[in-house]
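Listed below, chain by chain, are the residues.
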Amino acid sequence: MKNIQRSKRSLGVAAAVLGASALALSACGAAPEEGGGQAAEEIDYKACMVSDEGGFDDASFNQASHEGLVKAEEELGVEILDAESTASTDMGPNIDQMVQQGCNIIVTAGFMFEDLPLQAAEANPETKFVVVDYGYETVPENMRTLNYNTGEAAYLAGYAAAGYSKSGKVGTYGGAEITTVTDFMNGFANGVAKYNEDKGADVQVVGTDTFVGNFSDTVKARQIADNFIADGVDVIMPVAGPLGQTAVDAVNESGSTDDTVVWVDTDGHEYANGGEEAVLTSVMKKMGETTFESIEQDVNGEWEGGAYLGTLENGGVGLAPFYDFESKLPEGMQSELDALKEQIVAGEIDPLA
Amino acid sequence: MSSPTRTPLQRLRRSGALVSVLAILASFIVGGLLIAFTDKATTAAAGYFFARPTDMLAAAWDAVAGAYAAMFRGAVFNYDATSFVGMVHPLTETLTAATPLLTAALGVAIAFRAGLFNIGAQGQLILGAIFSTWVGFTLELAWPLHLLLVVLGALLGGALWGGIVGWLKARTGAHEVILTIMLNYVALNLLGYLLNNALQREGSTNPVSPVVNASAQYPLLLGSDFRLHLGFLVAVAATAFAWWLMNRSTLGFEIRAVGANRAAARTSGIDTFKVTVLAMVIAGALAGLSGAAQVNGTEKFLSESIAASIGFDAITVALLGRSNPIGVFFAALLFGAFRAGGVTMQIATGTPIDIVLVVQSLIVLFIAAPPLVRAMFGLNDRREKKSKKPKRAAGAPATVGGDQ
């Protein structure tokens, strides 16, 4: 009995010594001098954001928009507040709470918020609202909605993918059948069709009516990607928020270095795990930049409400660089893409027609 | 249990009140440590703890005190607000959040008392929400009548879902845990299907229903500045009903008898088939009422996450309230306060919502497990038991746990 007690005690002592020394080792740093921050000078302005169920680490619109907020903190010196919603029923109280905290501007991202930001904007005319990826018929003066004509950039991605494909088969699938997703898919398919028309090629697009059904079922998303690869598809464009990662994994594990992914929303070369080897290019929706711009406008007293539409022309959407894959593209691809971009900007091509 | 030979100190050790106070104390200490360890300023200052220890301690204190103060401001009374509305707003938010939890937890509690481990409040709530949404936007009726039909629809939807479980359990002996869990999935996926088809809002590609008519909504109790709606009073009435049912009615007696000992109840002439089915019908109807509170009270339309985690939180609330309607009422208020306070805690102090939820879970863990708290504070009866064996008493070590 006593022995057990003693050994227990000595074990405890050993653990304590170990813990203390670990703490001591990690706590030996020098204390910083008083003051002397490197960030921008702080100003009396609160920029706030409420996420939907995806959270700020969704590798999609919540995360991208939130980066705009963080950039505003670093570069404009605003104070930021953020709240993640654990269920859609949290979103209303979260927005409400932001108003009560005295936020100057409140950002929401995604369609799940429905009319909540609109109601809050009407009830609080002094507060500015930025709504990413959702629109209303009439937008009040204190609101700016940010939408993106992603079909334009996806069109370019489809053209490039068709030029890259060795198997003559490319594929795309979506998370859910909503316009913010299908715009990508249709633009992509039309870009492939344009390549076929111009070059007399016969590149097929598979999966334009394939949907996971949600943005969270990684197993099903992986299954779709694996099926595509087995079917001979060598360029996959997943339009399913965080599920895109499963396609990158599938491509990296496929055994063929020719298989690639067209990433969406952000630059997959940076954002996708293992994206350097897998991502051909990305259809970028510059939500972070445009969210930052909106905050900057208000901070500088140049607020412009209304509906913003990101296009190739204003840089709100765009095609990411090809990085290592550039050498694998057919000769002259970049100049053809530049020409197409000009035609889209000039209105000569409708990417979603 | 109390014996006249105990000293006042021993009696104090055994009292429930002391355990509750210590439970809250323990949860706030452990929660505080978690808040401090996840606070950026604190972890930054910990890097040079030995150079200037006061920095870390001050940062930790600021983080913890700030977080708890924010929780209080968000759940009870906002002393920072400039207007009266702003000051009392948190309390009404607490009551609003408690409303659906309360009725769902009453349902779970009644099933518990019948010896049925009802995990199905989530599914029953969803069915109630589907029925009340459908009644809410398809019918064109005058206000009190329409709302009444909505409430009846919600009760019916939940009762149907609970009744299926009760009937299958009573008829075939299938285990209610399996039945309710599987019916939760059926309800959730049925909801997803309906929101993409029959119940989808016209012209919308998103899985949401049309907004229910104004005549089908619970009116706001305190004007448009507050979300508190008539559903809260309905839930209070449901609490009174549940109390009467369990403590004053014949059916309540039979439910308790079946819960205590099914075989004995049957032998003494109680119709256990009827009691099992009715207990689940009532449990389901109460959970269905929460669906109406969500759709026709706070949200105004049906969405895929209309039930949030209410059906599962309700199980905790029922356990915390010891399956007693009055206890459930206060447990639901506590959980409502956590919900409302968590929002402010997250926003005002930047405590990640995950930590907020962990702290809340710890509080419940400690409150709901008195033996754990007694053991932590060395209030167990171990020493007394030992003293009953004189041989061991002399050599036994005096220290048990953290006892001083």
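In case you missed it, the structure is sitting above this.
Residues numbered from 1 in each chain as written. Chains lettered and ligands numbered in written order. Predicted model: local features only at pLDDT ≥ 70, side-chain atom pairs only at ≥ 80, totals over all residues. Heavy atoms only, no water.

## What about the sheet that holds strand E6 (residues 169-174) of chain A?
Strands in a sheet are paired, the pairing made by backbone hydrogen bonds, and the direction either parallel or antiparallel.
Residues and elements named next belong to chain A.
Then comes step 1: Read across the sheet, six strands follow the order E7-E6-E8-E9-E10-E12 without closing on themselves; strand pairing throughout is mixed. A single partner strand is all that each edge strand has here, and the edge strands are strand E7 (204-206) and strand E12 (317-319). For this sheet the average axis-to-axis angle between neighbouring strands, irrespective of direction, equals 15 degrees.
Then comes step 2: The pairing of E6 with E7 spans three bridges and is classified as parallel. Each residue of the ladder has a partner; that of Val170, found in E7, is Val205.
Then comes step 3: Strands E6, E7 and strand E8 (235-239) of the sheet are contacted by helix H7 (residues 218-230), whose axis makes an angle of about 165 degrees with E6.
Then comes step 4: Sitting on the sheet, helix H8 (residues 244-252) is in contact with E6, E8, strand E9 (260-265) and strand E10 (279-285), with an inclination near 165 degrees to E9. (Pairing = 2+ DSSP bridges. Helix = DSSP H or I, 4+ residues; strand = E, 2+ residues; numbered from the N terminus. Axes fitted to C-alpha atoms, helices over the stretch in contact; angles between N-to-C directions. Contact = heavy atoms within 4.5 Å.)

## Observations regarding the nonpolar core
Then comes step 1: Core analysis: the biggest nonpolar cluster contains 84 residues, and Ile35, Ile110, Ile130, Ile255, Leu302 and Val317 of chain B have the highest contact counts within it.
Then comes step 2: When residues no more than four places from it in sequence are discounted, the contact partners of Ile35 of chain B are Ala63, Val64, Ala67, Tyr68, Met345, Thr351, Ile355 and Val359 of chain B.
Then comes step 3: Ala47, Leu76, Ile95 and Val130 of chain A belong to the second largest nonpolar core, which has 82 residues in total. (Core = buried A, V, L, I, M, F, W, Y, C linked by side-chain atoms within 4.5 Å. Buried < 20%, exposed > 50% of the residue type's maximum accessible area, 1.4 Å probe, protein only.)

## Some points on the sheet that holds strand E5 (residues 143-148) of chain A
Residue and element names in this part refer to chain A.
Then comes step 1: The strand order E2-E1-E3-E4-E5-E11 describes an open sheet built from six strands, whose pairing is parallel. This sheet does not close on itself; its edge strands, each paired only once, are strand E2 (79-83) and strand E11 (306-310). Going from strand to strand, the sheet's axes swing by 20 degrees on average, the running direction of each strand aside.
Then comes step 2: Across five bridges, the pairing between strand E1 (residues 46-50) and E2 is parallel. In the sheet register, Met49 faces E2, and the bridge partner there is Asp82.
Then comes step 3: Seen against the sheet, helix H4 (residues 116-123) touches strand E3 (105-109), strand E4 (128-132) and E5 and runs at an angle of roughly 165 degrees to E4.

## Some thoughts on the packing of aromatic side chains
All names here are of chain A.
Then comes step 1: Counted by the stated rule, this structure contains 11 aromatic pairs over all chains.
Then comes step 2: Plain terms: the ring middles of Tyr148 and Tyr308 are 6.3 Å apart, the flat faces sit at 70 degrees to each other, and that makes the pair edge-to-face. Residue Tyr148 is found in strand E5, and its partner Tyr308 is found in strand E11; the two are separated by 160 residues along the sequence. Side by side, Tyr148 and Tyr308 carry an identical accessibility label, which is buried.
Then comes step 3: Positioned above the aromatic ring of Phe292 is the side chain of Lys71, whose terminal nitrogen or guanidinium carbon lies 4.3 Å from the ring centre. (Phe/Tyr/Trp six-rings, centres within 6.5 Å; stacked < 30°, edge-to-face > 60°. Lys NZ or Arg CZ within 6 Å of the ring centre and 35° of its normal.)

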